[in-house]
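What follows is the residue order along each chain.
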Amino acid sequence: MSYTPTTVAARQTAQQLAQFSRTLYERGWMPGTAGNLSMRVPRAPGRALITASGRDKGDLRIQDMVEIDAETGRPSPGQDRASAETSLHAALYRTTDAQAVIHVHSPHATAVAHRAGLDGATSVVHIERYELLKGLGLDDPAAAKLPVFPNWARVDRIAEDIAAHVPADPGCPPGLLIADHGITVWGQTLGQARNRLECLEALCQLLVLSPAGLNVTRVS
Ligand SMILES: CSC[C@@H](O)[C@@H](O)C(=O)COP(=O)(O)O
Ligand SMILES: [Zn+2]
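Bear in mind the structure is a predicted one, so any value in this text is a computation, not a measurement. (Residues numbered from 1 in each chain as written. Chains lettered and ligands numbered in written order. Predicted model: local features only at pLDDT ≥ 70, side-chain atom pairs only at ≥ 80, totals over all residues. Heavy atoms only, no water.)

Description of the packing of helix H1 (residues 8–26) against helix H5 (residues 190–209)
Two quantities define a packed helix pair, namely the angle between the axes and the distance from one axis to the other. The following threshold applies: Lines fitted to the C-alpha atoms define the axes, with helices restricted to the stretch that makes contact. Angles between their N-to-C directions range from 0 to 180 degrees. By definition, any uninterrupted DSSP run of H or I lasting at least four residues is a helix, any uninterrupted run of E lasting at least two residues is a strand, and each is numbered from the N terminus. The scheme is simple: roughly parallel for angles under 35 degrees, roughly antiparallel for over 145, roughly perpendicular for 65 to 115, oblique for anything else. Note on convention: the crossing is left-handed when the near helix lies turned anticlockwise from the far helix by less than a right angle, right-handed when the turn is clockwise. Contact between two residues is taken to exist if any of their heavy atoms lie within 4.5 Å; hydrogens are not considered. Under this grouping Gly is polar, as are all residues other than the nonpolar Ala, Val, Leu, Ile, Met, Phe, Trp, Tyr, Cys and Pro and the charged Asp, Glu, Lys and Arg.
Relative to each other, H1 and H5 sit at 15°, their axes nearing to 12 Å. Relative to H5, the element H1 lies roughly parallel. Pair H1 / H5 crosses with right-handed handedness. Contacts between H1 and H5 involve Gln16, Leu17, Phe20, Thr23 and Leu24 on the former and, on the latter, Leu190, Arg194 and Leu197. Per-class residue counts for the contact of H1 with H5 are five nonpolar, two polar and one charged.

Pasting the structure below:
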């Protein structure tokens, strides 16, 4: 059954997600049905909305959201199917201060995810010295270690890798790559997550353009 908000805050959250999805789609960062977005619902502790699976991300409506438990990803019963990547969002709500999570297939981040992914192991891409690093809110804005997780067929396994790595690495920016797949970014508001996404996509573009190539190390 399609989603019907029961509070003003939930309606506003669903509207924000739908509008924002259109913006990202128009930028070419959610081609076809790619990408998914979620946000904690204000004044509804532990609840979040996430985009339904397989929808055209340029044409989402309020009804195309699914209400979930933010930290387990479990949907409230009787709804449409939540994003196939709900467990990745839940892993971030559990282990970080995220209030909003964005997953897109933006071209430069995806190109870096394609080049830097290792077969069956987590890696990090070292990003150093670029001024844009200051947009990520790191304690040390001179360097970031952007993790790249294997694109396991079982999405829950990717979620386990994320939950184990992200909170444990102080150099980890508020974003991550999944090999051959795309980028996921989080923030305390949808706007902050969007700014961080724009910085990371621009940094990945610079890495792709740089003749120095990528500096990648294996983590596990
Ligand atoms: C268009 S293929 C992309 C999907 O496999 C997936 O990676 C994705 O981003 C969207 O999945 P969804 O289940 O619609 O949230
Ligand atoms: Zn995806």
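There is more to say, and it comes next.
A look at the pattern of salt bridges
Note the threshold: Salt-bridge detection follows one rule: a side-chain nitrogen of Lys or Arg within 4 Å of a carboxyl oxygen of Asp or Glu. For each residue, the accessible area found with a 1.4 Å probe, counting protein chains only, is set against the maximum for its type, and the residue is called buried under 20%, exposed over 50%, and partly exposed in between.
Scanning all chains against the criterion turns up eleven salt bridges. Note that arginine 55 and aspartate 64 form a salt bridge whose closest N and O atoms lie 2.6 Å from each other. Relative accessible area serves as the criterion here: at 2%, aspartate 64 is assigned to the buried category. Linking lysine 145 and aspartate 169 is a salt bridge whose minimum nitrogen-to-oxygen distance equals 3.4 Å. One end of the pair, lysine 145, is in strand S6 (residues 143–149); the other, aspartate 169, is in the loop between helix H4 (155–165) and strand S7 (175–178), and 24 residues separate them in sequence. Given a relative accessible area of 31%, lysine 145 falls into the partly exposed group.

Some thoughts on the site of ligand 1
Counted only if it meets this: Proximity is defined per residue: any heavy atom of the residue falling within 4 Å of a molecule or strand makes that residue near it. Two N or O atoms count as a polar contact when they lie within 3.5 Å, although within protein this holds only if one can serve as hydrogen donor and the other as acceptor, and sequence-adjacent residues are included solely when both atoms are side-chain atoms. Accessible surface area values rest on a Shrake-Rupley calculation with a 1.4 Å probe, where residue burial reflects the displayed protein chains alone.
Surveying the vicinity of ligand 1 reveals 13 residues, the closest of which are Gly35, Ser53, Gly54, Ser83 and Glu85. A distance of 2.8 Å separates an oxygen atom of ligand 1 from a polar atom in the backbone of glycine 54. Glutamate 85 places a side-chain nitrogen or oxygen 2.7 Å from an oxygen atom of ligand 1. Protein chains shield 73% of the accessible area of ligand 1, which is 420 Å² for the free molecule. Taken together, the residues of the shell around ligand 1 break down into two nonpolar, nine polar and two charged.

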